[in-house]
Amino acid sequence: VVVKIARWRPWVTDLPNVVILTGAGVSAESGLKTFRDSGGLWENFRIEDVATPEAFMTNPDLVYHFYNMRRKQLQEAAVQPNAAHYALAELETQLGDKFILITQNVDDLHERAGSERVIHMHGQLRSARCLSSGKAIPWDDDFSAADRCSCCAPQSPLRPDIVWFGEMPMQMDEIYYKLSQADLFISVGTSGQVYPAAGFVQIANEFGADTVELNLEPGDQHTSFNQSIHGHASKVVPEFVAALLQSWKDK
Ligand code: APR
């Protein structure tokens, strides 16, 4: 793995600001299905049946089932963070507040690998959201239309704390700010097909960051990256992080 950090901003004297974007590919080797690979989630479920506000209004039980099934899978003993999750947690340890990890994933594998500076722009499986207040509460069991929040009177029904198609992703102001400050933008394990995440590399480029794609195969945005390295995340991410840390030591 050759780390070609082509365009450091001239005034970056100490460590650079690094923004990471991850997608389902970073969790694939942990045993969680991606969406668009063969055997992916969208082969067995239609987005319009389980991942839109309209789906939840017309058939909430199917939507609850879809997310209860995915949460149960996440809680299986075999599903553990892989070397890519740990390498990103190590990079955060080295960079501190110069590091942010934006994930499209709703699993908790980044946190279980030790990452703390994580933005879940599409929400999280292990929390539920009150339909009235919008408050998110930790939730680890199956839930159904019968469940009620504990934050309102009278108590309100709950929805999965997931951002559905047609809804605004979370913390977009913070995300755009971080992209504007990035010296290095690294995308890991995403097909680059769903916006706004698919457009982050363009923004990072416009602000002069160096941009790298680490993915099993070229994603839809691969021509926008300065560097595109293909391979399994559990291999290419630790290699890239090690080469990056070494390049900073040699600077
Ligand atoms: N290592 C690295 N990359 C991998 C691996 C692996 N082991 N396995 C698969 N990939 C890559 C695939 O080549 C693909 O480009 O991960 C990507 C997964 O793409 P998608 O299945 O489209 O998942 P993602 O990009 O995260 O989807 C984005 O779409 O459906 C919505 O909200 C959902 O957050 C999701 C968003």
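- Named according to an unreviewed UniProt entry, the protein is NAD-dependent protein deacylase originating from Alteromonas ponticola.
- Under the heading Function (unreviewed entry), UniProt records this for the protein: "NAD-dependent lysine deacetylase and desuccinylase that specifically removes acetyl and succinyl groups on target proteins. Modulates the activities of several proteins which are inactive in their acylated form."
- Within the UniProt record for the protein, the comment given under Subcellular location (unreviewed entry) is "Cytoplasm".

1. Quick look at the sheet that holds strand 1 (residues 18-22)
Consideration 1: In space, the 6 strands of this open sheet follow the order 3-2-1-7-8-9, with parallel pairing throughout. Each edge of the open sheet carries a strand with a single partner, namely strand 3 (118-120) and strand 9 (227-230). Between one strand axis and the next, the sheet turns through 15 degrees on average, direction left out of account.
Consideration 2: Bridge analysis of strand 1 against strand 2 (residues 99-103) gives 5 bridges, and the strand direction is parallel. Considered in strand 2, the bridge of isoleucine 20 is made with leucine 101.
Consideration 3: Helix-sheet contacts for helix 7 (residues 172-181) involve strand 1, strand 2, strand 3 and strand 7 (184-188), and the interaxial angle to strand 2 is about 130 degrees.
Consideration 4: Running at roughly 165 degrees to strand 7, helix 9 (residues 233-250) makes contact with strand 1, strand 7, strand 8 (210-215) and strand 9 of the sheet.

2. What to know about helix 4 (residues 60-74)
Structurally, the α-helix is built with 3.6 residues per turn, so residues lying three or four positions apart point the same way.
Consideration 1: Between its terminal C-alpha atoms helix 4 stretches 21 Å, which fits the 21 Å expected from 15 residues at 1.5 Å a residue.
Consideration 2: Buried within helix 4 are the following residues: Val63, Tyr64, Phe66, Tyr67, Asn68, Arg70, Arg71 and Leu74.
Consideration 3: Looking at the buried positions of helix 4, the neighbouring elements they touch are helix 1 (41-44), helix 2 (47-50), helix 3 (53-58), helix 6 (109-112), strand 4 (123-130) and strand 6 (158-162).

3. A few points about the sheet that holds strand 6
Within a sheet, neighbouring strands are paired by backbone hydrogen bonds and run either parallel or antiparallel to one another.
Consideration 1: As summarised here, the arrangement of the 3 strands in space is 5-4-6, forming an open sheet in which the pairing is antiparallel. The open sheet has two edge strands with one neighbour each: strand 5 (136-138) and strand 6. Adjacent strand axes in the sheet meet at a mean angle of 45 degrees, parallel and antiparallel pairs treated alike.
Consideration 2: Two elements, strand 4 and strand 6, share 4 bridges in a ladder whose sense is antiparallel.

4. A closer look at the site of the ligand
Consideration 1: Looking at the ligand, there are 23 residues lining it, with Ala24, Phe35, Arg36, Thr190 and Ser191 nearest.
Consideration 2: Contact distances for the ligand include 2.7 Å between an oxygen atom and a side-chain N or O atom of arginine 36.
Consideration 3: The residue inventory of the shell around the ligand, partitioned by class, reads 8 nonpolar, 11 polar and 4 charged.

5. Examining the pattern of salt bridges
Consideration 1: Here the structure, examined in full by the defined rule, presents 9 salt bridges.
Consideration 2: Residue arginine 126 is joined to aspartate 108 by a salt bridge in which the shortest nitrogen-to-oxygen separation is 2.5 Å. With arginine 126 in strand 4 and aspartate 108 in the loop between strand 2 and helix 6, this residue pair connects regions lying 18 residues apart in the sequence.
Consideration 3: Given the relative accessible area of 9%, aspartate 108 is considered buried.
Consideration 4: The partner of glutamate 239 in a salt bridge is lysine 235, and the shortest N-O contact between them spans 3.0 Å. In this pair, glutamate 239 and lysine 235 are both assigned in helix 9, 4 residues apart and thus about one turn of the helix distant.
Consideration 5: Assessed through its relative accessible area of 31%, glutamate 239 is described here as partly exposed.
Consideration 6: Among the charged side chains, a network of salt bridges with common partners joins Asp108, Arg112, Arg126 and Asp140.

6. Focus: the packing of helix 5 (residues 83-95) against helix 9
Consideration 1: For the pair helix 5 and helix 9, interaxial distance at closest approach is 7 Å and the crossing angle is 20 degrees. Classified by the interaxial angle, the pair formed by helix 5 and helix 9 is roughly parallel. The interaxial crossing formed by helix 5 with helix 9 has left-handed handedness. Only Ala233, Ser234, Val237, Pro238, Val241, Leu244, Leu245 and Trp248 of helix 9 make contact with helix 5, whose side of the interface consists of Ala83, Ala84, Ala87, Leu88, Glu90, Leu91, Gln94 and Leu95.
Consideration 2: Grouping the constituent residues of the contact of helix 5 with helix 9 by class yields 13 nonpolar, 2 polar and 1 charged.

7. Digging into the pairing of strand 4
Consideration 1: Counted residue by residue, strand 4 has 6 buried out of 8 residues, so it is predominantly covered.
Consideration 2: A loop of 5 residues connects strand 4 with strand 5, the two strands running antiparallel in sequence, and glycine 134 in this loop sits at a positive phi of about 80 degrees.

Rules of the game
- Residues numbered from 1 in each chain as written.
- Predicted model: local features only at pLDDT ≥ 70, side-chain atom pairs only at ≥ 80, totals over all residues.
- Heavy atoms only, no water.
- UniProt positions renumbered as here; feature names shortened; annotations may be inferred.
- Pairing = 2+ DSSP bridges.
- Helix = DSSP H or I, 4+ residues; strand = E, 2+ residues; numbered from the N terminus.
- Axes fitted to C-alpha atoms, helices over the stretch in contact; angles between N-to-C directions.
- Contact = heavy atoms within 4.5 Å.
- Expected span 1.5 Å × (residues − 1).
- Buried < 20%, exposed > 50% of the residue type's maximum accessible area, 1.4 Å probe, protein only.
- Near = heavy atom within 4 Å.
- Polar contact = N/O pair within 3.5 Å; in protein donor to acceptor, adjacent residues only side chain to side chain.
- Nonpolar A, V, L, I, M, F, W, Y, C, P; charged D, E, K, R; others polar.
- Salt bridge = Lys/Arg side-chain N within 4 Å of Asp/Glu carboxyl O.
- Parallel < 35°, antiparallel > 145°, perpendicular 65-115°, else oblique.
- Left-handed = near helix turned anticlockwise from the far one by under 90°.

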